[in-house]
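# Architecture at a glance
Spelled out, the chains give:
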Amino acid sequence: MEDKPLRSRQWFGKQGKDGFIYRAWMKNQGIPAHQLQGKPVIGICNTWSELTPCNAHFRELAQSVKNGIYEAGGYPVEFPVMSLGETLIKPTAMLYRNLVSMDVEESIRANPVDGVVLLCGCDKTTPALVMGASSVDIPTIVVSGGPMLTGKYRGRDIGTSDIWRFFADHQTGQMSDEDMYIAEACMARSQGHCAVMGTASTMACMVESIGLSLAGNAAIPAADSRRKALAHLSGNRIVDMVREDLKLSDILTRQAFENAITVNAAIGGSTNFIIHLLAIAGRVGVNLSMDDFNTAVRKIPLLANLQPSGKYFMEDFYYAGGLPALMKELHTQLNSEAITVTGNPISHNYENAECFNRELISPIENPFNPIAGIVVLKGNLCENGAVMKPSAASPALMQHSGRAVVFENIEDFNHRVNDPDLEVDKDSVLVLKNAGPKGYPGMPEVGNMLIPKKLMDEGITDMVRISDGRMSGTGFGTVVLHVSPEAAVGGTLAIVQNGDMITLDVPSGVLHLHVSDEEIAARKSTLILDTHISKRGYTYLYQTHVEQAHLGADLDFLKGSSGSEVARDSH
Ligand code: FES
């Protein structure tokens, strides 16, 4: 600490008028003078909000972090940033991920903090905070809010993935309105984020496997007292990280990203993982592309028997040994020397881990499913790539050709999908356009389109579906997502017509539209883009600067870092 002066001393260590002002207003909170005299000042970046139910317990969690910071000799300062409640925010939380990252970045840089604790939970809150902090690059540790306890409905375990099943059963009359009301009260029965391996849990596993949290962070339930203990220990640790000057860029190396990708395959993580990790890599200058995510090529098997790819819930995962136990199984596939927030190699996180449930965390030599990860598809329908999650798809549809049934946008889909006259059968390929980053805007989670009711009535539960949108991490099905370039910028998706033949070949990584190059070019030459660009506000900024999905859908001018220095001083 003596070698490198604390950043906060540029505020609280000043003499004269400036120092007077910086300290005097802080003292209105009842802070004794010694708290501002040379202790590491630790920001706690809090996404608490009653409009983000998954993060609604974060004030309590922040208190545990503070206890740890005080104990280690630091001084905590909690500050709010915009929070993103996945279930409530319209038109989609993804529209605002980049906005939150700007809020986080500027809040950290502009204030007298030496280190920061990121309190993350609901889906987008994790990538948004990590992206923003990465563009400042001071010592940073993540504390996730933890998953909810498993839902209980009429004697069976339920979680977010069951919503799609409930809705299908309701559509076909197998569930009454009353059953639905009962189920909705049974599912989210504790504080915390979604209890399955959806995007929130995927992101919590990401921060642990990439080295940004203490071991165990990913799976401890929000309601478990050990979540608070982990928050306390993280408060301890960030103070030492400041003393050691262990910054985000020391941890977020290419090796660390590779570890996160490998682990994501083995846990059956959300397809949203790819878009968020690409965006984070863009902030820290690590060269990552879609091809790096093709873990199927590297044959990483699915080890975790967790919904939506399997049976169990995050609570069970923790009791089974959590992410450290799973990573121990993967140890030959990991870059064991990658440094974590502890300052130690990541192997320290898992080398002594134990597994207590082999049905949930399988041995690598006898995996739960040999097919895992995210497959990156290429072809004339997605020149820059598309993604799908084979472990959540139907094996019978992995190689499939069918006629396109095209919907121009999600409203068109909602309007016509259950029309009895819709020309669709079980072999059809549902195609949804204009759900991409720029076109919607914000790339909503609508890619796992509902099966047309008349097919559901015949017992059809899955079909090949293709879009430039995303899918909830809790969703499942043979769903091709993130088609890039999107329809709204004139990608080939935009010219697909009803009746065109499409082939999905997952083993070969191909998505092909059986239309000649000449015909594609002819159709594109007369294409009128169905894109409404907002005239003002953040949405205008977003639509004019958002990058395509294969690049992470960040705003082009947010790539990279501006560091932690503030050049000018206004007093
Ligand atoms: Fe917040 Fe699922 S809705 S994590």
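Residues numbered from 1 in each chain as written. Predicted model: local features only at pLDDT ≥ 70, side-chain atom pairs only at ≥ 80, totals over all residues. Heavy atoms only, no water.

Attention now goes to the overall build of the chain. When its secondary structure is counted, the chain shows 20 helices and 14 strands. Taking the principal axes of its C-alpha atoms as reference, the chain extends roughly 75 × 55 × 50 Å. Every one of the 571 residues in the chain was classed for burial, and the buried ones make up 61%. In the chain, the share of contacts with a sequence separation of at least 24, taken over all contacts with a separation of at least 6, comes to 76%. As displayed, the chain has an accessible area near 21800 Å², and 51% of this comes from carbon and sulfur atoms. Side chains of the chain give 49 positive and 64 negative charges; the mean places of these two sets differ by 5 Å. (Helix = DSSP H or I, 4+ residues; strand = E, 2+ residues; numbered from the N terminus. Buried < 20%, exposed > 50% of the residue type's maximum accessible area, 1.4 Å probe, protein only. Contact = heavy atoms within 4.5 Å. Areas by Shrake-Rupley, 256 points an atom, 1.4 Å probe, with all protein chains shown as cover. Lys, Arg positive; Asp, Glu negative; His and termini not counted. Charge placed at Lys NZ, Arg CZ, Asp CG, Glu CD.)

When you line up the elements, Lys328 lands in helix H15 (residues 322-329). Linking Lys328 and Ala260, residues 68 residues apart in sequence, is a C-alpha distance of 14 Å. If near-sequence neighbours (up to four positions away) are discounted, Lys328 is found in contact with Tyr350, Glu351, Asn352 and Ala353.

Bringing the side chain of Ser213 into the picture now. Tracing the chain through its elements places Ser213 in the loop between helix H8 (199-210) and helix H9 (225-244). According to the relative accessible area criterion, Ser213 is buried, its value standing at 0%. Aside from chain neighbours lying at most four places away, what touches Ser213 is Ile141, Val142, Val207, Glu208 and Val341.

Turning next to the pairing of strand E3 (residues 115-120). Burial within E3 is extensive, with six of its six residues counted as buried. Side chains Gly115, Val117 and Leu119 project from E3 onto one buried face, and the interleaved Val116, Leu118 and Cys120 project onto a second face that is buried too. Crossover handedness for the path E3 to helix H5 (residues 125-134) to strand E4 (residues 140-144): right-handed. (Right-handed = clockwise from strand over helix to strand, strands pointing away.)

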